[in-house]
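# Descriptive structure summary
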Amino acid sequence: MSQVFEGYERQYCELSANLSRKCTSAAILDGEQKKQKVSEIKAGLDDAEALIRKMDLEARSLQPSVKAMLLAKLREYKTDLNNLKSEVKRITSANANQAARDELLESGMADTMMVSADQRGRLLMSTERVNQSSDRIKESRKMMLETEELGVSILQDLHQQRQSLLHANNTLHGVDDNIGKSKKILTAMSRRMSKNKWIIGSVIAVLVLAIILILYFKLAH
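Summarised in this report is the structure supplied together with it. (Residues numbered from 1 in each chain as written. Predicted model: local features only at pLDDT ≥ 70, side-chain atom pairs only at ≥ 80, totals over all residues. Heavy atoms only, no water.)

### Here's the deal with the nonpolar core
- Ranked by internal contacts, the top residues of the largest apolar core, which has 27 residues, are Y12, I41, L45, I52, M55 and Y77.
- Elements supplying a minimum of two residues to this core: α1 (3-26), α2 (31-60), α3 (64-93) and α5 (108-220).
- Broken down by element, the residue count for this core peaks at ten residues, all from α3.
- What I41 contacts, discounting residues up to four positions off in sequence, is L19, K22, C23, A26 and V88. (Core = buried A, V, L, I, M, F, W, Y, C linked by side-chain atoms within 4.5 Å. Buried < 20%, exposed > 50% of the residue type's maximum accessible area, 1.4 Å probe, protein only. Helix = DSSP H or I, 4+ residues; strand = E, 2+ residues; numbered from the N terminus. Contact = heavy atoms within 4.5 Å.)

### Topic: the pattern of salt bridges
- One pass over the structure, following the stated rule, counts seven salt bridges.
- Note that E40 and K37 form a salt bridge whose closest N and O atoms lie 3.9 Å from each other. Here E40 pairs with K37, and both are found in helix α2, just three residues apart, close to one helical turn.
- According to the relative accessible area criterion, E40 is partly exposed, its value standing at 32%. (Salt bridge = Lys/Arg side-chain N within 4 Å of Asp/Glu carboxyl O.)

Right, here's the structure in full:
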């Protein structure tokens, strides 16, 4: 959840509770004291409306999943603000008669405060549910990030293994080339040795033949 929204939310809840107390005290006042108290309440209502607008803007700037939850919570706060406005209207339009004020305090105001307390209880429950949902979303995001990091690590390992295989393949090709060259050299050497054997054999045969001829002619004479 947005920290900015939570800050506005805390300010509104504190202001709403303060205005509710002022409405209760204003209902039993009269004359200038009542006018002053009502004036303070109206100024507080303006501040509350400003906070509602700020929360609305902040909620609409967030992601859809969080935005929907915050707007639902915001509707509860708007209802609470409307109830406070209704209380102020009843206070300002009340008859100056003490009995009427007492009756208003015992019936209408009591019922309104009960409704407000019930709504605030629902607001707190809604806030708790939204916070729990926000925690689950944060946990899901954390798991997604960890999974993404694991995937990146695996891809890097696979890339390194691929590079190693390519290097080994290139090394094998180099060995094959060297073996081929060695085979050619050995073949050439074998041919030269065979050729040299024939030459040496021919030379030996000529020498033997020459020796035999020499011996023959010496023995014949």
